[in-house]
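The lines below spell out each chain.
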Amino acid sequence: MNLLLKEVRHNPILWLLAFVPVVFAAARLRPEAHTVLFILSVLAIVPLAALLSHATESVAAKTGDAAGGLLNATLGNLTELVIALTALRAGQYMLVKASIAGAIVANTLFMLGASFLLGGLKHHVQEYNRATARVQAGLLFLAAVALLVPSAVATADSATGTAFTHKLSVGLSVLLIIAYGLGMLFSLKTHREVFASAAHAEDGEAPWPIGLALGTLAGVTVLVALVSEIFVESVQKAAEAFGMTSAFVGFIIVALVGGAAEMASAFSGARKDRLDLSVGIALGSASQIALFVAPVLVLLSYVMGPMPMDLQLWPGAVVMILIATLTAALVTNSGRSAWFVGVLVLMVYLVFAMTLYLLPPRVS
């Protein structure tokens, strides 16, 4: 506990933890103040993300960067899952689909590109295990194909009914979950030695004891989930106040705030020349959302939602996911990175963000 208090005292970002009880109190006392709750929830998620980052790095020091990246991606994606489940119960399927697509693109382009940029500004050239990136990019390409098929069939053949789309979505969801499970078996069990981390510089910072790290991970994850519920309840009204469209909110704002915990860990790892951890978090999180979170939401919609949800996205979202996947495969093929590579990847993401802000896609 002394280590935790010491970290709070010496890290100014963690002083924002004071906003955590404030946002809970504001949600109870002024539930109609959506804009204020939106701002407070963002300010509360940022320090929680930083705390989650430090705890995850301590666990990764014991388990290795590959498993550490998977652990961080899993815990970080709980935020996206809570946000999506809240919207699912309310029948806001536009927000659910936009947040799923946005999270995949944000993790693949923004998180990966910013990690390359931040790490490259401190280290001239960085190396990482490209086998990890290849497998994750392959899984993402599979997910892009699965998301493309329902939209392509519906566009090409208008005679296909809603029942067919729902049946196809359920079948594809099961296939994606199976593929994700087999991918984890391949990278963490049968071919674990292939995914060993590339050599990196020691950061000289002693990790937390494993008990403190795991306890912090569990507690912070619960707090992030609770704050996320307040965030998703206030984001739509706040978006209207700020003049943002629902497509931009789901694809950009919800994705970036939902992935704040993972991004903090990825950026910190890149600065410490642990790019394996950063690449594992970015691409691992994107593939986990595409192959696990999205299919699970489709299946849960039959239980929790007012009506079944399918995997049919608007064409613009599918194109963005496909381009993001191909971009990640292209830039990670060499296993080496520099700051300008990060700039190029971020530019692709900014093209998407600008397009959505100025001309949001139509959704039927």
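Data block above holds the structure.
Here goes a summary of the coordinates provided.

Cut-off values and rules
Counting restarts for each chain, with residues numbered from 1 along the sequence as it is written. Selection of residues for local features in this predicted model requires a pLDDT of at least 70, selection of side-chain atom pairs for listing and counting requires 80 or more, and totals for whole chains, interfaces and linings are taken over all residues. The side-chain figures draw on all heavy atoms in the structure; neither hydrogens nor water molecules are used. Working definition: helices are DSSP H or I runs of at least four residues, strands are E runs of at least two. Numbering for both runs from the N terminus. Burial classification: accessible surface area is computed with a 1.4 Å probe over protein chains only, and a residue below 20% of its type maximum counts as buried, one above 50% as exposed, and the rest as partly exposed. Note on definitions: a residue-residue contact is assigned when non-hydrogen atoms from the two residues lie within 4.5 Å. For every accessible area listed, the method is Shrake-Rupley and the probe measures 1.4 Å; residues are considered covered only by the protein chains on display. Arc, as used here, means the arc of the directions from the helix axis to the C-beta atoms. The rule is short: rings of Phe, Tyr and Trp, with Trp giving its six-membered ring, pair when the centres are within 6.5 Å, and they are stacked under 30 degrees, edge-to-face over 60, tilted in between. Definition of a polar contact: a pair of N or O atoms within 3.5 Å, with one able to donate and the other able to accept a hydrogen when the atoms are protein atoms, and with sequence-neighbouring residues admitted only if both atoms are side-chain atoms. Think of a 1 Å grid over just the protein atoms. A cavity is a set of points where a 1.4 Å probe fits yet cannot get out, a pocket is an open set with protein on both sides within 12 Å along at least five of seven lines, and lining residues have an atom within 4 Å of a point. Grid points are joined across faces, edges and corners, and a volume is the space filled by probe spheres set on the points. Residues are sorted three ways: Asp, Glu, Lys and Arg are charged, Ala, Val, Leu, Ile, Met, Phe, Trp, Tyr, Cys and Pro are nonpolar, and all the rest, Gly among them, are polar.

### Points about the overall build of the chain
Regarding its fold elements, the chain presents 13 helices and two strands. Going through the 364 residues of the chain one by one, you find that 53% of them count as buried. For the chain, contacts bridging at least 24 residues in sequence account for 86% of all contacts bridging at least 6. Carbon and sulfur atoms make up 70% of the accessible area of the chain, which totals about 15700 Å².

### Quick look at helix α2 (residues 19-29)
Because an α-helix packs 3.6 residues into every turn, residues spaced three or four apart end up facing the same way. Looking only at α2, the buried set comprises Val-20, Val-23 and Ala-26. Relative to the axis of α2, the buried residues are bounded by an arc of 130 degrees and lie together on one face. Facing away from the buried side of α2, by more than 90 degrees, are the exposed residues Pro-21, Arg-28 and Leu-29.

### Points about the packing of aromatic side chains
For any two aromatic rings, the description comes down to two numbers: the centre-to-centre distance and the angle of the planes. Taken as a whole and judged by the stated rule, the model has eight aromatic pairs. Judged by centre distance (6.0 Å) and plane angle (35 degrees), the rings of Tyr-180 and Phe-292 are tilted. Taken together, the positions of Tyr-180 in helix α7 (residues 162-190) and Phe-292 in helix α11 (residues 275-304) put the pair 112 residues apart, joining distant regions of the chain. A residue is classified by how much of its surface remains accessible, and Phe-292, at 36% relative accessible area, is partly exposed. Geometrically, the ring pair formed by Phe-248 and Tyr-357 is edge-to-face, given 5.0 Å between the ring centres and 75 degrees between the ring planes.

### Some details on the side chain of Ser-99
The residue Ser-99 is located in helix α5 (residues 93-122) in this model. The buried category is assigned to Ser-99, whose relative accessible area is 8%. There is a polar contact of 2.7 Å between the side chain of Ser-99 and the backbone oxygen of Val-96. Non-local contacts of Ser-99, meaning those with residues more than four positions away in its chain, are made with Gly-250 and Val-254.

### What about empty space enclosed by the protein?
Take a probe with the size of a water molecule and roll it over the atoms, and the empty space left behind shows itself. All chains considered together, the criterion is met by four cavities of 30 Å³ or more. Taken as a whole, the second largest cavity holds about 70 Å³ of empty space. Sorting the residues of the lining of the second largest cavity by element identifies α4 (65-89), α5, α9 (246-258) and α11 as the ones contributing at least two each. The residue makeup of the lining of the second largest cavity, split by class, is nine nonpolar, one polar and one charged.

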